[in-house]
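# Structural overview for review
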There are 2 protein chains.
Amino acid sequence: MFIYLKAKINGTMVSNKELQEKRMRGYFIAAASEILKGEGLRAVNVRSVSERAGYSFATLYNYFKDLNELIFICVNDFLEECEQMAEEQSQHLQPGKERLKMRMKALINYFTQYQGIFELCYIEKMNNAGSKQATSKMVYELTDRTADADITYMLNKKLLTDEEAEILKINLRHSLPGMMLFYLNRMQPVDYKDYMKIVNIQLDAALRNN
Amino acid sequence: MFIYLKAKINGTMVSNKELQEKRMRGYFIAAASEILKGEGLRAVNVRSVSERAGYSFATLYNYFKDLNELIFICVNDFLEECEQMAEEQSQHLQPGKERLKMRMKALINYFTQYQGIFELCYIEKMNNAGSKQATSKMVYELTDRTADADITYMLNKKLLTDEEAEILKINLRHSLPGMMLFYLNRMQPVDYKDYMKIVNIQLDAALRNN
DNA sequence: TTTATTTATTTAACATTGTTCATTTTATTT
DNA sequence: AAATAAAATGAACAATGTTAAATAAATAAA
């Protein structure tokens, strides 16, 4: 008989089957995220993720096309998480240059803390072309999204011309990944404070604070 | 008997044995470089490199500790090559801002042409800690080295203060890899001209040309 | 409640890649 | 030409991604 029991997730009605499937996917996503944050990208593989999720490695393939699909989902989650973090850490500030700076630093802080996530988002060869497009667009535009409110504010207040705003966005879009790359590939264990000094200089240059 | 025949390589005397070993290494290095430039990083593996060099995969291990060592050598070669390219392409210009800009563009041109090389230099997880330090230092400082002559010139001519020079170097060090990353991870096949327009804006911002 | 059928999970197996080692081939010395 | 050293190789192993057949669990039908 075609009776589906319904359960509520995120405000939408779904069948039991969908609910269960969503939960299963959640277990694998959580497992992959944990490993990524803890041990980094290299430690993520079909077997390690499945084991942590409490299933056989083959079960993963019942819920994801392949390992790549799972990893892409993690990327999107991480992006959301770090955007939210930037928002929270700058809540106490008024819109404008200082808040923008704080938000950019929050992004850098997030990715330097979770290096595996940076590698994943900006670097990983994204083997599967499928999800690549949408995801890499999301990654690029991370700085744009995070800077948007403050740049709009400054534009409205005539603190910035349209052209200056465009240059600022381009600058942030390029220099943030550059700075993270620098930290990631560092040779000697750079002091985080020293690193942040350079970050400050770079951000001040982008914001024309000198 | 301990008689070694000598042969001249790069102006230094070496034994036959050393010469032969150097040649053998050269075959593998050339093979790896070709594959890197042609098919990219993903196509490089012990078997493909060895086959192109004309030997069994096991022979590679008689001349290199592992695949990583071979790849690191390639990185160093590529860095030299692209520095030289920047030099050549700007020979006709006088020292100063314009030449610096041309050299930066030459770097970008090199890495966007050979994407596998960019991935390799800036991204690849450099699994083996051994050569990593020295090499990643070389990679970072690529923009510094390439910009050095022009920045020194501008300092001498008082076209730049010490502080401005420092900021410029930091800016180039971060934004060039950022721009390359952008091109590499691009979603839709970006028109190279459009890309170069953005590169120009970024470089002009770094050079305070606006 | 028992049986049949569908669904979910897992074990076995294969392909690819990096690496090691014993064996074979080649070069050198006596 | 025989003995020895050096170089090159193929067989084999481990790790990883993936597929597909076999098993277990859940559900529907009787």
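## Some remarks on the packing of aromatic side chains
Residue and element names in this part refer to chain B.
- Evaluation of the coordinates by the stated rule reveals 26 aromatic pairs over all chains.
- For the ring pair Phe-28 and Tyr-55, a centre distance of 5.9 Å and an interplane angle of 35 degrees mean the geometry is tilted. Here Phe-28, found in helix α1 (residues 16-38), pairs with Tyr-55, found in the loop between α2 (46-53) and α3 (57-63); they are 27 residues apart in sequence, far enough to count as distant.
- Assessed through its relative accessible area of 0%, Phe-28 is described here as buried.
- Between Phe-111 and Tyr-122, the ring centres sit 5.7 Å apart and the planes meet at 80 degrees, which makes this aromatic pair edge-to-face.

## A short note on the protein's contact with DNA strand D
- As a structural note, the neighbourhood of DNA strand D is formed by 18 residues, with A:Asn45, A:Val46, A:Arg47, B:Thr59 and B:Tyr63 the closest of them.
- Here A:Val46 contributes a backbone N or O atom positioned 2.7 Å from a phosphate oxygen of DNA strand D.
- The side chain of B:Tyr63 places a nitrogen or oxygen atom 2.4 Å from a phosphate oxygen of DNA strand D.
- Sorting the residues of the surface near DNA strand D by element identifies α2 (46-53) of chain A together with α3 of chain B as the ones contributing at least two each.
- Per-element tally for the surface near DNA strand D: the top contributor is α3(B), with 5 residues.
- Split by residue class, the surface near DNA strand D holds 11 nonpolar, 4 polar and 3 charged.

## Quick notes on helix α4 (residues 67-89) of chain B
Residue and element names in this part refer to chain B.
- The end-to-end C-alpha distance of α4 is 33 Å, a good match for the 33 Å that 23 residues give at a rise of 1.5 Å each.
- Among the residues making up α4, those that are buried are Leu-70, Ile-71, Phe-72, Cys-74, Val-75, Phe-78, Leu-79, Cys-82 and Ala-86.
- Measuring from the side-chain oxygen of the N-cap residue of α4 to the backbone nitrogen of Asn-68 gives 3.1 Å; that N-cap residue is Asp-66.

## Focus: the confidence of the model for chain A
- Of all residues in chain A, 87% attain a pLDDT of 70 or more, and the chain-wide mean is 88.
- Scored below 50 in pLDDT, residues 1-13 of chain A shows 14 contacts in the model against residues more than four places distant or in partner chains.

## Here we look at the nonpolar core
- The biggest cluster of nonpolar side chains holds 120 residues, and the ones touching the most others in it are A:Phe111, A:Tyr122, B:Phe111 and B:Tyr122.
- If sequence neighbours within four positions are ignored, A:Phe111 has contacts with A:Cys82, A:Ile117, A:Phe118, A:Cys121, A:Tyr122, A:Leu142 and A:Met180.

## Digging into the pattern of salt bridges
All names here are of chain B.
- Tallying each qualifying case throughout the model produces 27 salt bridges over all chains.
- With its nearest N and O atoms 3.0 Å apart, the salt bridge here joins Lys-65 to Asp-66.
- The exposure class of Lys-65 is exposed, given its relative accessible area of 56%.
- Note that Lys-101 and Asp-204 form a salt bridge whose closest N and O atoms lie 2.9 Å from each other. Taken as a pair, Lys-101 in helix α5 (residues 97-113) and Asp-204 in helix α10 (residues 192-206) lie far apart in primary sequence, 103 residues in all.

## Topic: the protein's contact with DNA strand C
- The immediate surroundings of DNA strand C are formed by 17 residues, with A:Thr59, A:Asn62, A:Tyr63, B:Asn45 and B:Val46 found nearest.
- Close to the protein, within 4 Å, the atoms of DNA strand C are drawn from sugar and phosphate at a rate of 51%.
- In the model, a phosphate oxygen of DNA strand C is placed 2.6 Å from a nitrogen or oxygen of the A:Thr59 side chain.
- The separation between a phosphate oxygen of DNA strand C and a polar side-chain atom of B:Tyr61 is 2.9 Å.

## With respect to the interface of chain B and chain A
- If you look at the interface, chain B gives 34 residues, while chain A gives 34 residues.
- Carbon and sulfur atoms supply 59% of the area that chain B and chain A bury against each other, a total of about 3400 Å² over both sides.
- For the pair chain B and chain A, the interface holds 0 salt bridges.
- Between the two partners, chain B and chain A, sit 6 residue pairs in polar contact (both at pLDDT 80 or more).
- For the side of chain B that touches chain A, the elements supplying multiple residues, two or more each, are α6 (115-123), α7 (129-140), α9 (162-184) and α10 of chain B.
- The element best represented in the side of chain B that touches chain A is α9(B), accounting for 12 residues.

Calculation criteria
Residue positions within a chain follow its written sequence, with the count starting from 1. Chains carry letters from A onward and ligands carry numbers from 1 onward, assigned in written order. Predicted model: local features are reported for residues with pLDDT of at least 70 only, side-chain atom pairs are reported and counted for 80 or more only, and whole-chain, interface and lining totals are derived from all residues. By convention in this description, side-chain values take in all heavy atoms of the structure and omit both hydrogens and water. Working definition: rings of Phe, Tyr and Trp (its six-membered ring) pair if their centres are within 6.5 Å, and the pair is stacked with planes under 30 degrees apart, edge-to-face with planes over 60 apart, and tilted otherwise. Where helices and strands are cited, they refer to DSSP runs of H or I of at least four residues and of E of at least two residues respectively, numbered from the N terminus. Partly exposed residues are those whose accessible area sits between 20% and 50% of the maximum for their type, while under 20% is buried and over 50% is exposed, using a 1.4 Å probe and protein chains only. One heavy atom within 4 Å of a molecule or strand is enough for the residue carrying it to be called near that molecule or strand. Residues adjacent in sequence count toward polar contacts only when both atoms are side-chain atoms; beyond that, a polar contact is any pair of N or O atoms within 3.5 Å, and within protein one must be able to donate a hydrogen and the other to accept it. Classification used: nonpolar for Ala, Val, Leu, Ile, Met, Phe, Trp, Tyr, Cys and Pro, charged for Asp, Glu, Lys and Arg, polar for all others including Gly. To estimate how far a helix should reach, multiply one less than its number of residues by 1.5 Å. Values of pLDDT, the confidence the predictor places in each residue, fall between 0 and 100. In this description, contact between two residues means that some pair of their heavy atoms is separated by no more than 4.5 Å. Throughout this description, the term nonpolar core refers to a set of buried Ala, Val, Leu, Ile, Met, Phe, Trp, Tyr and Cys residues connected via side-chain atoms within 4.5 Å. Salt bridges are defined by distance alone: a side-chain nitrogen of Lys or Arg within 4 Å of a carboxyl oxygen of Asp or Glu. Put simply, buried area is the surface a 1.4 Å probe can reach on two separate parts but cannot reach once they are joined, added for both.

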